[in-house]
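# Coordinate inspection notes
Here's the letter readout for the chains.
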Amino acid sequence: QVQLVESGGGLVQPGGSLRLSCAASGRTDSVNAMGWYRQAPGKERELVAAFTHSGRANYADSVKGRFTISRDKAKNTVDLQMNSLKPEDTAVYLCNANWAGPFGKVAGTDYWGKGTLVTVSS
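Computed from a predicted structure; not experimentally measured.

A word on the packing of aromatic side chains. Within the structure shown, the criterion is met by one aromatic pair. The ring of W112 is capped by R45, whose NZ or CZ atom sits 4.5 Å from the centre of that ring.

What follows is the structure in structure tokens.
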């Protein structure tokens, strides 16, 4: 099992910045891909940024150039630096980890944190 705990969410004004952190524990050697998703009220969960199994960082078009994903393998953490935040970035942000290959996630290896709320408002 892998446990994921997010932190860093909160209230920020438009144009501000936040840094989210995801700490993984347990059998961390059983996952090879980690990233961040978000879900706004009434909308589908969407990928924000993630490291693939090959180490490539992918970003949603809506956050490209504003958000940066980083990782510290020694500490088993993955961070998301969010700059130039907009009201439409408001959502619950969830950390995800899994074992992936050429055909995507492998069944039984998908793990989720409980999420951290980011609210961008004046």
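This next bit is on the sheet that holds strand β8 (residues 77–82). Taken in spatial order, the four strands of this open sheet run β1-β3-β8-β7, and their pairing is antiparallel. Pairing within the sheet leaves two strands with one partner each, and these edge strands are β1 (2–7) and β7 (67–72). The sheet shows a mean angle of 15° between the axes of neighbouring strands, taken without regard to direction. Relative to β8, β7 is paired through six bridges, and the arrangement is antiparallel. The residue of β8 that forms the bridge with T68 is Q81.

A few words now on the state of the cysteines. Under the defined criterion, the tally for this structure stands at one disulfide. Linked covalently through their sulfurs, C22 and C95 form a disulfide whose S-S length is 2.0 Å. Disulfide C22-C95: the torsion about the S-S bond is -85°, which places it as left-handed. Within this pair, whereas C22 is found in strand β3 (residues 18–26), its partner C95 is found in strand β9 (residues 91–98), the two being separated by 73 residues in sequence. With respect to burial, C22 and C95 carry one shared label: buried.

Glancing now at the pairing of strand β5 (residues 46–51). By the bridge criterion, five bridges tie strand β4 (residues 33–39) to β5 in an arrangement that is antiparallel. Bridge pairing in β5 places R38 opposite E46. Counted between consecutive antiparallel strands, the loop separating β4 from β5 contains six residues, among which G42 sits at a positive phi close to 75°. Examined bridge by bridge, β5 and strand β6 (residues 57–59) share three bridges and lie antiparallel to one another. The residue bridging F51 from the neighbouring strand is A57, located in β6. In textbook terms, the turn of a hairpin is the stretch between consecutive antiparallel strands, and for β5 and β6 this stretch comprises five residues, one of which, G55, has a positive phi near 95°.

What follows covers the pattern of salt bridges. Here the structure, examined in full by the defined rule, presents five salt bridges. Residue R19 pairs with D79 through a salt bridge whose shortest N-O separation is 3.1 Å. Residue R19 is located in strand β3, and its partner D79 is located in strand β8; the two are separated by 60 residues in the primary sequence. As a salt-bridge pair, D110 and K105 come within 3.4 Å of each other at their nearest N and O atoms.

One broad rule of soluble globular proteins: the nonpolar side chains tend to lie buried together. Ranked by internal contacts, the top residues of the largest apolar core, which has 29 residues, are L4, W36, L80, M82 and Y93. Where this core is concerned, the elements lending two or more residues are β1, β3, β4, β5, β7, β8, β9 and β13 (116–120). Beyond its immediate stretch of four places on either side in the chain, L80 contacts L18, R19, L20, W36, V48, A49, F67, T68, I69 and Y93.

Parameters and conventions
Residues numbered from 1 in each chain as written. Predicted model: local features only at pLDDT ≥ 70, side-chain atom pairs only at ≥ 80, totals over all residues. Heavy atoms only, no water. Phe/Tyr/Trp six-rings, centres within 6.5 Å; stacked < 30°, edge-to-face > 60°. Lys NZ or Arg CZ within 6 Å of the ring centre and 35° of its normal. Pairing = 2+ DSSP bridges. Helix = DSSP H or I, 4+ residues; strand = E, 2+ residues; numbered from the N terminus. Axes fitted to C-alpha atoms, helices over the stretch in contact; angles between N-to-C directions. Disulfide = S-S within 2.5 Å. Buried < 20%, exposed > 50% of the residue type's maximum accessible area, 1.4 Å probe, protein only. Salt bridge = Lys/Arg side-chain N within 4 Å of Asp/Glu carboxyl O. Core = buried A, V, L, I, M, F, W, Y, C linked by side-chain atoms within 4.5 Å. Contact = heavy atoms within 4.5 Å.

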